[in-house]
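# Secondary and tertiary structure notes
The primary structure of each chain is shown beneath.
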Amino acid sequence: MALDDTSDARAPKVTLRRYRAVFISDVHLGSRGCKADCLLDFLHHVESDYLYLVGDIVDGWRLKKRWFWPDKHHEILHKLLARARQGTRVVYLPGNHDEALRSWIGRSFDGVRILHDVIHHTADGRRLLVIHGDAFDGVIADMRWLARLGSLAYESALAVNTGVNTVRRWLGLGYWPISQLLKDQVKAAVNFIDNFEQSLAAEARRRAVCGVVCGHVHKPEMRQIEGVLYLNDGDWVESCSALVEHGDGRLELLDWARQRRLDLLTVGPMVRPGGAGKAAIAA
Ligand SMILES: [Mn+2]
């Protein structure tokens, strides 16, 4: 379903927004969990001077298991890369799901720079470290079996989420993000997110920057941690969120789905209960 202004009467009109910088990550193109319609809608309405692709844009892990590459995923990748030709400074910081790109770090393609991490200078003179963040994921690094367990629990939670919400939709009720709830509990059990946030904040302090922009854990966040700004741009699998910098340096976390009042069940590929595709994976 197309989601431009004319085709969906429920979506409020949005004029083109121009930001100084846009940070997105964890799009997971090539996986069924990717909310492609929502991201296409975002790209339709948002332009920027800088565009940071903060990792896990393409899900190489999924693609290796099974090839899944719908036209919309191709369109997204094409649109993102085309921004560089249109004058946007595009930086791609590969994550763990697109780690194959890490062998190209330091090079440029079609004007898109590929780097491991980068310092972004905001309009109001702050320095922000931009990095995917998987290197600071203590669970993945130290306890792979625990990460796998968490991943399994998370996938089950997503399957339950889809089933519950299909029923809720039949009953005319709204979307209820149970997976977010369950994921929070599952991962809180191993202090996953908390450790991650603390580690990234510590790295920002070590590098003497004002803050850090990252992704990886699929949990949009903007808060101070012991004197540094922790900014997580979220993901396009569940939250459909982006971090943006306004012309004056002000930073804002955009909850795009909420802003556009899109029903999360009607955008993005549907996953049938018990079915053909598990949405998303662990961060
Ligand atoms: Mn990741």
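Structure: see above.
The paragraphs below set out a description of the structure included in this document. By convention here, each chain's residues receive numbers from 1 onward along its written sequence. Note on the predicted model: pLDDT of at least 70 is required for a residue's local features to be given, and 80 or more for side-chain atom pairs to be given and counted; whole-chain, interface and lining totals, by contrast, use all residues.

## What to know about the sheet that holds strand β2 (residues 46-53)
The seven strands are arranged β4-β5-β3-β2-β1-β11-β12 in an open sheet whose pairing can be described as mixed. With partners counted over all chains shown, the strands left at the sheet margins are β4 (108-109) and β12 (251-255), one partner each. Should DSSP find at least two bridges between two strands, the strands are regarded as paired. The helix and strand labels rest on DSSP assignments: H or I over at least four residues marks a helix, E over at least two residues marks a strand, and numbering proceeds from the N terminus. The pairing of strand β1 (residues 17-24) with strand β11 (residues 241-245) spans three bridges and is classified as antiparallel. Across the sheet, residue phenylalanine 23 finds its bridge partner in β11, namely leucine 243.

## Considerations on the pairing of β12
For β11 and β12, the ladder comprises five bridges, and the chain directions are antiparallel. In the strand pairing of β12, leucine 243 is matched with leucine 253.

## Points about unusual backbone geometry
In this model, aspartate 26 sits at a positive phi of 50°, which is unusual for a non-glycine residue. Looking at the secondary structure, you find aspartate 26 in the loop between β1 and α1 (36-45). Although it is not a glycine, cysteine 240 adopts a positive phi angle of roughly 50°. Along the chain, the position of cysteine 240 falls in the loop between β10 (228-232) and β11. Exposure classes come from backbone-placed C-beta atoms, where a residue is buried if 20 or more other C-beta atoms lie within 10 Å of its own, exposed if 12 or fewer do, and partly exposed in between. Take cysteine 240: there are 27 C-beta atoms within 10 Å of it, and that puts it in the buried class.

## As for the environment of lysine 219
Relative to the elements of secondary structure, lysine 219 occurs in the loop between β8 (211-214) and β9 (221-225). A C-alpha to C-alpha distance of 7.7 Å links lysine 219 and aspartate 233, two positions 14 residues apart in sequence. Remark: residues whose backbone-derived C-beta atoms lie within 7 Å of one another are considered to be in contact. With near-sequence residues (within four places) excluded, lysine 219 lies in contact with Ile193, Asn232 and Gly234.

Fair warning: the whole summary comes from geometry, so function is off the table for now.
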